[in-house]
Amino acid sequence: MAETFLAPIALGVLENLFRLIVNQAHSIFFVNWDLKKLRETLSHIQAVLFDAERQQHQNENLRLCMWKLRDIFYDAEDVIDAFKCEAVRQQVSQHSELSFQGRLSAKRCHGTFSLTMARKIKGINQRLSELAPKWDSFGLAKCSDDNRHVFHRETHSFVNSRDVIGREDDKKKIINLLKRASDPVIPIVGMGGLGKTTVAQLVYNDHKVTRRFQQKLWVCVSKEFDLPRMLKLMIHSINKEERCDHSALDALQNCLRSLLKDKKFLLVLDDVWNDNQERWVEFRNILISMDGWSKSKIIVTTRSLTVARIMSSYPPIKLEGLPHEVCLNLFRKWAFNDGDERQHPNLMRIGEDIVRRCKGVPLAVRTLGNLLHRKTNESNWISVRDSEMWRLRQSEHGILPVLKLSYDHLPSRLQRCLAFLALYKKDEIYRSQEVIQLWMANGLLEHPMENQEWEAVGDRYLDELLSRCIIQKEKDYDTYFAFRMHDLFHDLALEVSQKECKTNSDHPGGVKESNTIEESLIDLCVSKFEHLRVLRLRSQASLTGLHKDIGKLKHLRDLDLAGCHSITELPRSFYELRLLQKLRMSGIPLKKLPNRMKCLIELRYLEITIKAKHLTEIQKGCWPCLQYLGLIDCDNLECLPEGLKHLTSLRTLDLLGCSNLVSLPRSMNF
């Protein structure tokens, strides 16, 4: 179901609104009261948003109200961003040499801006006031991001081994570890649906394991890692008749100690989400006090590498996807009664394509096999093969509901970041720096702490997705890393982002053959999408120029023109894109670095091709935020200016294809 993402949007608007009021008080006095009123109203709404998220699927009126709020929040976001645009414009103007007429024109422009903003903010406040009575009628409670979701998933210790295919090696590996591993805790880690619980069940029920341990306990943790609850579940796992209504911690541990007296035990903690080390240490200390602890073992299943590292010093068992042939056997088992597949070779040919879509995830194979069980109409099979996974009806134990747990457990800001990955094609290799730049351009990252860069926040978000097995790292490079996202998580991202992100699949990769279509697309952006944040026109070889009014896209942060080598000059309005953070122009053969390029003072990433022998001198104060400068295929360039030392934020200087470069500035330190 499509998500509103109202909580992270509200958090971002409030964050930026606060900074606007504090940092630009001198220039926004004309709307200060209205902005403070807007902040007060948003704070009131934001306090109960997590409760609204929790209730929206059972209350259609609430859900509709949230969609209306989202539109208002987006408008507020654009208004706040407009103040940023104006502040940068004034900053550039102050450092420019303007005539008297020019200064007069700038002042007149600021006056017009002020009146326009005043009207827009009053309009937003009015819309919120009209919606307030309905919002208050829902009786929503305050709730934090940390406890907005209560997970309730039940598992049990029994498994029919005849239903399991392809996990025998994983089972043997864990049984061997139970015999010789020095750490008592053995974590099994992997994305949802890979079969972590199934492997733990196989081990738990193996006769060798049963002989080795005098007592076995199975606890499905799932929800909060609450100590009294954990002890009660352990007591109940040993003795279903034992009453443990008392909540006193001392009484509970004494009861458990008596049940485990002098016994070597195996404890399975299934589906653990807790990443609070303090809670784990408290629980472990109680286990250590048990008589048989020294010879006992714990198996933990989790989707998080962070959880595994907290609970054990032993390298986790990382479950991988099953081979294609094994998945085919599993699919046959669930889609057909024994041997029936031989009567339907045409269906099995389609089935092979369906299994390939599952990319080795057994729960996905089982889900789709179960959907097609006893259906012999070829059209049903083709429909499943050609449909997006999120469009297929599934039971609560299907693959998407199981993966949705991983999504639900993410912090709200990270949920929206994950949804934006649906803009990429399936099975695409993601580059970390590009993803972070996309998130930055769309305002998805929380504001960095003091002395921290925006990119560091993005790195932290990606580390979180890696640790939760939602993305998988492919390769490390000097300044970024490449990663993949499983097709099933891509399907999940498509599901939750249905009204947040849209892609045009008519032209894969965005490449269009007709020059007219390319230029009309830019015309459309300029005329209709004035709040556009990202425009990527990479490798459009037949694109001969940008729209003369491209500067109207004042909110644009990310512009990619790399490989558009038919563009030979930039329109004057280009330099009005003063909020640009990323600009890729490699492959566009500019004669020299345009002086007005230095007006783009928010640039953090610049990639450019210059055909001159010398780079224009860089003055103090130029590009104060620039972190990456790429000089690509500047084959005439012989030297770099001493002014590079003024780029105080520069972290990476990339000189690729600059074959005639003979000297570097004396001021450069290595």
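Residues numbered from 1 in each chain as written. Predicted model: local features only at pLDDT ≥ 70, side-chain atom pairs only at ≥ 80, totals over all residues. Heavy atoms only, no water.

Undergrad: I would appreciate a short explanation of the overall build of the protein chain in the present structure.
TA: Along the protein chain, the regular secondary structure elements total 22 helices and 14 strands. A total of 670 residues make up the protein chain; the buried ones form 51% of that total. Pairs at least 24 apart in sequence give 70% of the contacts found in the protein chain among residues at least 6 apart. Working note: accessible area of the protein chain is about 32400 Å², and carbon and sulfur atoms make up 48% of it. (Helix = DSSP H or I, 4+ residues; strand = E, 2+ residues; numbered from the N terminus. Buried < 20%, exposed > 50% of the residue type's maximum accessible area, 1.4 Å probe, protein only. Contact = heavy atoms within 4.5 Å. Areas by Shrake-Rupley, 256 points an atom, 1.4 Å probe, with all protein chains shown as cover.)

Undergrad: Is there a simple way to explain the packing of aromatic side chains in this structure?
TA: Here a ring pair, both rings aromatic, is described through the centre-centre distance and the interplanar angle of the planes. Summed over the entire model, instances satisfying the criterion amount to 15 aromatic pairs. Geometrically, the ring pair formed by Phe225 and Phe283 is edge-to-face, given 5.6 Å between the ring centres and 90 degrees between the ring planes. Separated by 58 residues along the polypeptide, Phe225 in the loop between β2 (215-220) and α9 (227-238) and Phe283 in helix α11 (residues 277-288) bring together distant segments of the chain. One exposure class covers both Phe225 and Phe283, and it is buried. Look at Phe331 and Trp381: their rings are 5.7 Å apart centre to centre, the planes differ by 85 degrees, and that puts the pair in the edge-to-face class. Here Phe331, found in helix α13 (residues 324-335), pairs with Trp381, found in helix α16 (residues 378-386); they are 50 residues apart in sequence, far enough to count as distant. For the pair shown, Phe331 and Trp381 are each scored as buried. (Phe/Tyr/Trp six-rings, centres within 6.5 Å; stacked < 30°, edge-to-face > 60°.)

Undergrad: What is the right way to read the nonpolar core from this model?
TA: Nonpolar side chains in soluble globular proteins generally cluster together in the buried interior. With 133 residues, the main nonpolar core has Phe73, Trp135 and Trp439 as its most contacted residues. Sorting elements by how many residues they give to this core places helix α4 (residues 60-94) first, with 11 residues. Residue contacts for Phe73: discarding those within four places in its chain leaves Leu6, Ile9, Ala10, Val13, Leu42, Ile45, Leu49 and Leu128. Grouped together as the second largest cluster of nonpolar side chains are 45 residues, Ile618, Leu629, Cys634 and Leu637 included. (Core = buried A, V, L, I, M, F, W, Y, C linked by side-chain atoms within 4.5 Å.)

Undergrad: Hey, could you run me through empty space enclosed by the protein in this one?
TA: Gaps left between atoms show up when a probe the size of a water molecule is rolled over them. All told, the structure shown has three cavities of 30 Å³ or more when counted by the stated rule. Approximately 40 Å³ is the volume attributed to the largest cavity. What lines the largest cavity is Leu593, Leu606, Ile608, Leu615, Ile618, Trp623, Leu629 and Leu631. Every element with two or more residues in the lining of the largest cavity is listed here: β12 (605-610) and β13 (628-632). (1 Å grid on protein atoms, 1.4 Å probe; cavity = no way out; pocket = protein on both sides within 12 Å on 5 of 7 lines; lining within 4 Å. Points joined across faces, edges and corners; volume = space filled by probe spheres on them.)

Undergrad: Looking at this structure, how should I read the confidence of the model for the protein chain?
TA: The predicted coordinates of low-pLDDT regions are not to be read in fine detail. The predicted model of the protein chain has a mean per-residue pLDDT of 89, with 93% of residues at 70 or higher. Taking the mean pLDDT of every element in the protein chain, the minimum, 76, falls on helix α22 (residues 515-528) and the maximum, 98, on strand β4 (residues 297-302). For the stretch residues 506-513, pLDDT sits under 50, and the model shows eight contacts to residues farther than four places along the chain or on other chains. (pLDDT = per-residue confidence, 0-100.)

Undergrad: Help me out: how do you make sense of the sheet that holds strand β8 (residues 481-485) in this one?
TA: Strand pairing in a sheet is mediated by backbone hydrogen bonds. Such pairs are either parallel or antiparallel. An order of β6-β8-β7 is seen for the three strands of this open sheet, with the pairing classed as antiparallel. The outermost strands of the open sheet, each flanked by one partner alone, are β6 (430-431) and β7 (471-476). (Pairing = 2+ DSSP bridges.)

Undergrad: What am I meant to see in the sheet that holds strand β11 (residues 582-590) here?
TA: One open sheet holds the six strands; their spatial order is β9-β10-β11-β12-β13-β14, and the pairing between them is parallel. Among the strands making up the open sheet, the edge pair consists of β9 (534-536) and β14 (652-656). Going from strand to strand, the sheet's axes swing by 10 degrees on average, the running direction of each strand aside. In this structure, β9 lies alongside strand β10 (residues 558-560), joined through three bridges in parallel fashion. Residue Leu535 lies in a different strand from β10, and its bridge partner there is Leu559. Packing against the sheet, helix α19 (residues 432-441) makes contact with β9, β10, β11 and β12, and its axis sits at approximately 140 degrees to β9. (Axes fitted to C-alpha atoms, helices over the stretch in contact; angles between N-to-C directions.)

Undergrad: I would appreciate a short explanation of the pairing of β11 in the present structure.
TA: Within a regular strand, the side chains alternate between the two sheet faces. Among the nine residues that make up β11, seven are buried, leaving the element largely enclosed by the rest of the structure. Here β10 pairs with β11 via three bridges, running parallel. Bridging across to β11, Asp560 finds its partner in Arg584.

Undergrad: Is there a simple way to think about the packing of α19 against helix α20 (residues 454-467) in this case?
TA: Two numbers describe how α19 lies on α20: the axes approach to 9 Å, and their chain directions differ by 115 degrees. Taken as axis vectors, α19 and α20 run roughly perpendicular relative to one another. Taken as a pair, α19 and α20 cross one another with a handedness that is right-handed. Contacts between α19 and α20 involve Ser432, Val435, Ile436, Trp439 and Met440 from the first element and Trp454, Glu455, Gly458, Asp459, Tyr461, Leu462 and Leu465 from the second. By residue class, the composition of the contact of α19 with α20 is eight nonpolar, two polar and two charged. (Parallel < 35°, antiparallel > 145°, perpendicular 65-115°, else oblique. Left-handed = near helix turned anticlockwise from the far one by under 90°. Nonpolar A, V, L, I, M, F, W, Y, C, P; charged D, E, K, R; others polar.)

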